[in-house]
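The primary structure of each chain is shown beneath.
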Amino acid sequence: RLLAPAGGGTDVLRPGHIMLGEEVRSAHGEAGGGWRVKTLERYVFGAFLSSFLLAFLVLTFVLTIGLFVQIVGYILDGIPFELVGRFALVSFPETMQWTIPIGLLVASILVFSRMSADSEIAAMRACGVNLLTVMRWPLLFAALCTLAGLFINNEIAPRGHEVRRDLVKRLS
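A. Representation of the overall build of the protein within the structure. Along the backbone of the protein there are 6 helices and 2 strands. When its helices and strands are written in sequence order, the protein yields β-β-α-α-α-α-α-α. Every one of the 172 residues in the protein was classed for burial, and the buried ones make up 31%. A fraction of 62% describes how many contacts in the protein between residues 6 or more apart in sequence connect residues 24 or more apart.

What follows is the structure, encoded as structure tokens:
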């Protein structure tokens, strides 16, 4: 994938030249205009982000099945929808405590193991691409998710747990 010319076959690679992103660079290091690794970074980050979102949604659904059973039980007991909705809203951050880090782990394992299995990482290293440059955006996204997780764990989830406990007392 990384070593094929882009643009419908009109680009012809000469022997000793490598196609990386949208920039042709000779194997000896000469290039017209420098490296354009941005396409490669966008490719890796797009795969990482889509894997994270899918893992996040699936894990959130799986971890909230028990919550859905409780909500259906409250609805069948005749509890007002306002209280049931508030109960569901304050319960959701507790699942995010688990789904954000597990989603990041699943996304990184899926993306980078697939790239390794397809020899894309070996091709990048052979082209002289710094792997930290390629991993910059996934690492930045993971750092932002970590900060969001710290905020959820330290601020939102404890308050939600307290409100949920009070709601369960009112509902019982």
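B. Focus on the packing of aromatic side chains. Under the counting rule described, the total for this entry stands at 5 aromatic pairs. On the numbers, 6.2 Å between centres and 85 degrees between planes, the contact of Phe48 with Phe141 is edge-to-face. Placement of the pair is Phe48 in helix α1 (residues 38-63) and Phe141 in helix α6 (residues 136-171), with a sequence separation of 93 residues. Both residues of the pair, Phe48 and Phe141, belong to the buried class. When the centroid spacing of 5.2 Å and the interplanar angle of 75 degrees are considered together, the rings of Phe52 and Phe141 count as edge-to-face. Residue Phe52 is found in helix α1, and its partner Phe141 is found in helix α6; the two are separated by 89 residues along the sequence.

C. Seen up close, helix α3 (residues 81-117). Relative to the 54 Å expected for 37 residues at 1.5 Å per residue, α3 spans 50 Å between its end C-alpha atoms, a close match to the ideal helical length. At Thr95, α3 shows its largest kink, close to 35 degrees. Looking one or two residues past α3, Ser119 carries a phi angle of roughly 60 degrees, positive in sign.

D. Just the packing of helix α2 (residues 65-76) against α3, in detail. Interhelical geometry of α2 versus α3 gives an angle of 170 degrees and a closest axis separation of 10 Å. Judged by the inter-axis angle, α2 sits roughly antiparallel to α3. Listed contacts from α3 to Leu67, Gln70, Ile71, Tyr74 and Ile75 of α2 are Phe81, Val84, Phe87, Ala88 and Ser91. Here the contact of α2 with α3 is built from residues that sort into 8 nonpolar, 2 polar and no charged.

E. Highlighting the nonpolar core. Formed by 20 residues in total, the largest nonpolar core has its most connected members in Phe48, Phe52, Ile100 and Leu104. Mapped onto this core, the elements with two or more residues apiece are α1, α3 and α6. In terms of residues, this core owes the most to one element, α3, which gives 7 residues. What Phe48 contacts, discounting residues up to four positions off in sequence, is Leu104, Ala107, Ser108, Val111, Phe112, Pro138 and Phe141. Counting residues in hydrophobic clusters, the runner-up holds 10 residues, among them Ile71, Tyr74, Val84 and Val90.

The rules we used
- Residues numbered from 1 in each chain as written.
- Predicted model: local features only at pLDDT ≥ 70, side-chain atom pairs only at ≥ 80, totals over all residues.
- Heavy atoms only, no water.
- Helix = DSSP H or I, 4+ residues; strand = E, 2+ residues; numbered from the N terminus.
- Buried < 20%, exposed > 50% of the residue type's maximum accessible area, 1.4 Å probe, protein only.
- Contact = heavy atoms within 4.5 Å.
- Phe/Tyr/Trp six-rings, centres within 6.5 Å; stacked < 30°, edge-to-face > 60°.
- Expected span 1.5 Å × (residues − 1).
- Bend = angle between axes of the 7 residues up to and from the residue.
- Axes fitted to C-alpha atoms, helices over the stretch in contact; angles between N-to-C directions.
- Parallel < 35°, antiparallel > 145°, perpendicular 65-115°, else oblique.
- Nonpolar A, V, L, I, M, F, W, Y, C, P; charged D, E, K, R; others polar.
- Core = buried A, V, L, I, M, F, W, Y, C linked by side-chain atoms within 4.5 Å.

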